[in-house]
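The lines below spell out each chain.
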Amino acid sequence: MSRRSGRVRNNIRDLRTARGLSQGELAEQVGATRQTINAIEQEKYAPSLELAFRIARVFGVKFEAVWEFED
């Protein structure tokens, strides 16, 4: 079986700025640190599934509107 790798991409920065939220405000709403939100936005860190769903919930959008997996 071959192993395929991919990359998790996100639209957090666009969604966050469209709603006038700072990284710190978003972090507070989802129970994370500002540094974590920054790392996720820069795609240097993939969040837990639970945190990913909390982020989508804050924006009031479906999971797929925030997160995308690219092969």
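It should be emphasised that the depicted structure is a prediction, and the values quoted were computed from it without experimental measurement.

1. Brief notes about the packing of helix H2 (residues 23-30) against helix H4 (residues 49-59)
In step 1: Contact geometry for H2 and H4: axes closest at 9 Å, N-to-C directions at 115 degrees. Classed by the angle they form, the pair H2 and H4 counts as roughly perpendicular. Considering how the two elements wind past one another, H2 and H4 form a crossing that is right-handed. For the pair H2 and H4, the contacting residues are Leu-26, Gln-29 and Val-30 in the first and Leu-51, Arg-54, Ile-55, Val-58 and Phe-59 in the second.
In step 2: Of the residues contributing to the contact of H2 with H4, the split by class is six nonpolar, one polar and one charged.

Thresholds, definitions, all that
- Residues numbered from 1 in each chain as written.
- Predicted model: local features only at pLDDT ≥ 70, side-chain atom pairs only at ≥ 80, totals over all residues.
- Heavy atoms only, no water.
- Axes fitted to C-alpha atoms, helices over the stretch in contact; angles between N-to-C directions.
- Helix = DSSP H or I, 4+ residues; strand = E, 2+ residues; numbered from the N terminus.
- Parallel < 35°, antiparallel > 145°, perpendicular 65-115°, else oblique.
- Left-handed = near helix turned anticlockwise from the far one by under 90°.
- Contact = heavy atoms within 4.5 Å.
- Nonpolar A, V, L, I, M, F, W, Y, C, P; charged D, E, K, R; others polar.

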